[in-house]
Amino acid sequence: ALLFLASPSQSVPVMDKPQVAVEEDGPQPTVLTFMSPVTGSLDRHLVRRSTVSWGVQPFEQAADLSQSSWPTYSDKFQHAWTQFHLQSGISHVKDASPPLGQHSRVLVMGDPCVGGNHFSTLLDCMDKQWNLAKRFPEIMSTMSSHVDAVLILGDNFYDPNGFISLMALSASEKLGNGSLPLFMTVPGNHDFWIEGRPLLRLPWDQLGWGFMQFYGQDTISLHEGTGSYNFTAGTHGLPDASNFFWYNVIGAVGYVGFSGAHGWEEQAWMFSRACVFFENIIQDLAAVVLAGHWEEHGGMGVRLDTAAAHDKFSSLCPRIESKMLYMFGHVHCNRPMDDGKGFMVGAAGMRHRDCGHEFGFAVVEGFAPSGGGRL
């Protein structure tokens, strides 16, 4: 973990309209590519490759990919962040992740911020004190060559319009030899409501629609027959929970991601699918990591906090309970919880009154069960 010390600014401007994050000469036309593990697949050479573009023409074809059918989905964003275009499909990438049951490393961080808007300043982002617009891409690019994947636990850049995320991750991609490692993420409260809670809902809140399309992850919704995300608005205008739920395995560690803004009753069938998947390979796993955003009794729009999801998932799937742990952000601190079954990893740029000026991340390192299966 890294620890940077600074003193937060007390001068906080209030913002009443989302502004486009700009570089000195304005936002630049950009293409950003994510690769995510395929939900429920044991083929380590398969990924979902998703390309987000802004200000440029979408690709007409992808000659560099071995599958000529890519992309299988191509459209402008719907409902939010409609300035972007998403192209997505399954692609074959040799050795995209380690073999099942083998050594793996995944970088985990929560609640990253790099400044760029008044919302993050209002919420005490230490962007100026720690020069996070420069330091975050440096950390990402440096770690990319040492890990197999990156997992961000929500509240991604406190972004009202998508441009801050685009710039932060594009800079990381450029510094990282033109690519990012496998990418996984779950939504936080600020990824639904920029002020952080439904009671403070604003007309331009993305409600998770921008988030789900921007990262283009391989979620359960894409495996339900249509090959597309579910664009039917559900409770309180939020996307269906299946647009955020995924499960996969990277080497010796399994991962499950879900939305804490949706209840257990909406997601139990998806947890059941994940249970069957992991039960069938439990002998090859050192651990199963449940990735959420909210801590226990977290408030701010939570319907399923991560500790509660862990308990329910453990009861649903007792064969993997001994190998299950959970990780979450939301509180801007980094510390073990629940006698080592849980880990709070939420200090990646935001200041917290109880933790001071912490900055850090975690690396989940799983070793082959044949060698003891330690984590």
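Attention in this report is confined to the structure presented alongside it. (Residues numbered from 1 in each chain as written. Predicted model: local features only at pLDDT ≥ 70, side-chain atom pairs only at ≥ 80, totals over all residues. Heavy atoms only, no water.)

**Overview of the sheet that holds strand S8 (residues 246–250)**
The six strands lie next to each other as S8-S9-S10-S11-S13-S12, forming an open sheet whose pairing is mixed. Each edge of the sheet is formed by a strand with only one pairing partner; in this case those strands are S8 and strand S12 (334–337). Here the average twist between neighbouring strands, direction ignored, is 20°. In terms of strand pairing, S8 meets strand S9 (residues 253–257) through five bridges, oriented antiparallel. The residue bridging Asn-248 from the neighbouring strand is Tyr-255, located in S9. Its contacts with the sheet place helix H6 (residues 264–279) against S8, S9 and strand S10 (287–291), and it is angled at close to 20° to S8. Seen against the sheet, helix H7 (residues 306–316) touches S9, S10 and strand S11 (324–328) and runs at an angle of roughly 160° to S11. (Pairing = 2+ DSSP bridges. Helix = DSSP H or I, 4+ residues; strand = E, 2+ residues; numbered from the N terminus. Axes fitted to C-alpha atoms, helices over the stretch in contact; angles between N-to-C directions. Contact = heavy atoms within 4.5 Å.)

**Comments concerning unusual backbone geometry**
Even without a glycine there, the phi angle at Asp-111 is positive, about 55°. Tracing the backbone shows Asp-111 in the loop between strand S5 (104–109) and helix H1 (118–122). Backbone geometry places Asn-131, a non-glycine residue, at a positive phi of 50°. Mapping Asn-131 onto the fold places it in the loop between helix H2 (127–130) and helix H3 (132–144).

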